[in-house]
Protein chains: 2
Amino acid sequence: MTLPQAQLDEVRTRFAEFLKTRGQRQTSERFAILDALYASGEHLDADALFARLKKNGVSVSRATVYNTLDLLIECDLVVKHQFGKTQARYERSFAYWQHDHLLCIDCGEIFEFCDPRIQSIQETVAEIYGFEIAQHALNMYGHCRRENCDNKPQTAEA
Amino acid sequence: MTLPQAQLDEVRTRFAEFLKTRGQRQTSERFAILDALYASGEHLDADALFARLKKNGVSVSRATVYNTLDLLIECDLVVKHQFGKTQARYERSFAYWQHDHLLCIDCGEIFEFCDPRIQSIQETVAEIYGFEIAQHALNMYGHCRRENCDNKPQTAEA
DNA sequence: ATAACTGCAAAACATTTGCATACAG
DNA sequence: CTGTATGCAAATGTTTTGCAGTTAT
């Protein structure tokens, strides 16, 4: 769940260089947001991330959270997901396997999976439609069989 | 694009019976919304649907549009999609092949495709994770090669 | 008749924007 | 210093809700 320190450092370095290249500032808020998202390893929405930061004594505004998430997406350190709710969820993407998502309709739990056939499908579709495909999102929705799957959608953050 | 009259009738009948079963009323607004969505065959968002109705001289409120869409989803006549934008899009689902979506990042055009391998993946995932999978959403995003793909996201409705 | 539905406007959310202040380079 | 970021609060866009009036059954 937690990334090795060496990789966390690499992530910070990458963000720092991205900012430098674009002539943007390296602020403590930006790194705090990066750290919070990478520390969790979960699929947090912007507000849960905001709440977690506040809980950890980091005071940032929601606007800065959204701003920074956009920057992190631009430098490929974070991916944004629309799992069917109106609010987006964000997930770290550095040094992590490419995967798709399996969501429990009852408890809201999110599982990750990877199947090589999705890649084949992507190639076939690109060929047939003359598309240059940049990315895909495959979400499966169903009922999990966990003991503690209790039909109560648990909030993203404790 | 347009469904044969016989199927449109079947759709209306199905909705009528669904409403009767639940002791809900058959109002002209509800059928107007059903018709408008089935007439288009597109992936409309709630507001585009609202606009189309108004253009056709049907006066309904946005609230009724949303309400009715929920009913149509419940009786499996309509499916709701989250294609990455905040606003949801709605598509008729009766007498239509099961398919996934290919979206052009530049012009916003939506294409449909179907690949049997997605079904295999679904079965594999269900098996591995002990899930009873109810549905899936596979969206591919890329650049189309159409002549009139002009980078300008065209609005859902003309 | 009467319970359900509609339209309207206000509320509820998620996200973005504008602007005065703060601060990294 | 200087321009970029931040926080705040207001604005935006989408969807939901409350309620008085309307209508299908």
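Residues numbered from 1 in each chain as written. Chains lettered and ligands numbered in written order. Predicted model: local features only at pLDDT ≥ 70, side-chain atom pairs only at ≥ 80, totals over all residues. Heavy atoms only, no water.

(A) Structural context of the protein's contact with DNA strand D. Lining the immediate surroundings of DNA strand D are 19 residues, of which Gln24, Arg25, Thr27 and Thr64 of chain A together with Tyr66 of chain B lie closest. Within 4 Å of the protein, the contacting atoms of DNA strand D are 70% sugar and phosphate, with bases supplying the remainder. Between Tyr66 of chain B and DNA strand D, the recorded distance is 2.4 Å, taken from a side-chain N or O atom to a phosphate oxygen. Here a phosphate oxygen of DNA strand D sits 2.8 Å away from a polar atom, N or O, in the side chain of Gln87 of chain B. Every element with two or more residues in the surface near DNA strand D is listed here: helix H2 (28-40) and helix H4 (62-74) of chain A together with helix H4 (62-74) of chain B. The biggest single contributor to the surface near DNA strand D is H4 of chain B, with three residues. Classifying every residue of the surface near DNA strand D gives six nonpolar, eight polar and five charged. (Near = heavy atom within 4 Å. Polar contact = N/O pair within 3.5 Å; in protein donor to acceptor, adjacent residues only side chain to side chain. Helix = DSSP H or I, 4+ residues; strand = E, 2+ residues; numbered from the N terminus. Nonpolar A, V, L, I, M, F, W, Y, C, P; charged D, E, K, R; others polar.)

(B) Broad picture of the interface of chain A and chain B. With 35 residues of chain A at the contact, the number on the chain B side is 35 residues. With both chains or domains summed, chain A and chain B bury close to 3200 Å², and 67% of this area falls on carbon and sulfur atoms. At the junction of chain A and chain B, the tally comes to zero salt bridges. At the level of elements, strand S4 (100-104), strand S5 (110-113), helix H5 (117-129) and strand S6 (132-143) of chain A are the ones that each hand at least two residues to the side of chain A that touches chain B. Of all the elements, S6 of chain A adds the most residues to the side of chain A that touches chain B, at twelve residues. In terms of residue class, the side of chain A that touches chain B is made up of 18 nonpolar, eleven polar and six charged. Both S6 of chain A and strand S6 (residues 132-143) of chain B contribute to a ladder of eleven bridges, which runs antiparallel. Its bridge partner lying in S6 of chain B, Ile133 of chain A is registered against Gly142 of chain B. (Contact = heavy atoms within 4.5 Å. Buried area = accessible area lost by both parts, 1.4 Å probe. Salt bridge = Lys/Arg side-chain N within 4 Å of Asp/Glu carboxyl O. Pairing = 2+ DSSP bridges.)

(C) Geometry of the pairing of strand S3 (residues 89-92) of chain B. Residue and element names in this part refer to chain B. Burial along S3 is two-sided: the residues Arg89 and Glu91 and Tyr90 and Arg92 are all buried. As judged from the two bridges shared by strand S1 (residues 44-45) and S3, these two strands associate in the antiparallel manner. Its bridge partner lying in S3, Leu44 is registered against Tyr90. The sheet contact formed by strand S2 (residues 78-81) and S3 spans four bridges and is antiparallel. (Buried < 20%, exposed > 50% of the residue type's maximum accessible area, 1.4 Å probe, protein only.)

(D) Seen up close, the packing of aromatic side chains. Using the criterion set out here, one finds eight aromatic pairs over all chains in the structure. Ring centres of Phe15 of chain B and Phe31 of chain B lie 5.5 Å apart, and the angle between their planes is 65 degrees; on these two criteria the pair is classed as edge-to-face. Of this pair, Phe15 of chain B sits in helix H1 (residues 5-21) while Phe31 of chain B sits in helix H2 (residues 28-40), placing them 16 residues apart in sequence. You can call Phe15 of chain B buried: its relative accessible area is 0%. For the ring pair Tyr96 of chain B and Trp97 of chain B, a centre distance of 6.4 Å and an interplane angle of 80 degrees mean the geometry is edge-to-face. Residue class for Trp97 of chain B comes out partly exposed when judged on its relative accessible area of 41%. Clustering of aromatic rings is evident, with ring pairs tying together Phe111 of chain A together with Tyr129 and Phe131 of chain B. In this arrangement the basic side chain of Arg92 of chain A is found over the ring face of Tyr96 of chain A, its NZ or CZ atom lying 5.5 Å from the centre. (Phe/Tyr/Trp six-rings, centres within 6.5 Å; stacked < 30°, edge-to-face > 60°. Lys NZ or Arg CZ within 6 Å of the ring centre and 35° of its normal.)

(E) Molecular detail of the sheet that holds S6 of chain B. One open sheet accounts for six strands, arranged S5(A)-S4(A)-S6(A)-S6(B)-S4(B)-S5(B); its pairing is mixed. Both edges of this open sheet fall to S5 of chain A together with strand S5 (110-113) of chain B, since each of them pairs with a single strand only. Neighbour-to-neighbour, the strand axes of the sheet open up by a mean angle of 25 degrees, direction not taken into account. Where H5 of chain A meets the sheet, its contacts fall on S4 and S6 of chain A together with strand S4 (100-104), S5 and S6 of chain B, and the angle it forms with S6 of chain A comes to roughly 130 degrees. Packing against the sheet, helix H5 (residues 117-129) of chain B makes contact with S4, S5 and S6 of chain A together with S4 and S6 of chain B, and its axis sits at approximately 130 degrees to S6 of chain B. (Axes fitted to C-alpha atoms, helices over the stretch in contact; angles between N-to-C directions.)

(F) Just the domain arrangement of chain A, in detail. Residue and element names in this part refer to chain A. Domain annotation of chain A identifies domain 1 (1-95) and domain 2 (97-146). Between the C-alpha centres of domain 1 and domain 2 there is a distance of 23 Å. Listed by partner, the interface residues are eight residues for domain 1 and eight residues for domain 2. Of the roughly 540 Å² buried between domain 1 and domain 2, counting both surfaces, carbon and sulfur atoms make up 56%. Remark: the boundary between domain 1 and domain 2 carries zero salt bridges. Where domain 1 touches domain 2, the interface holds four residue pairs in polar contact (both at pLDDT 80 or more). Taken together, the residues of the side of domain 1 that touches domain 2 break down into two nonpolar, four polar and two charged. (Domains from an automatic or database assignment.)

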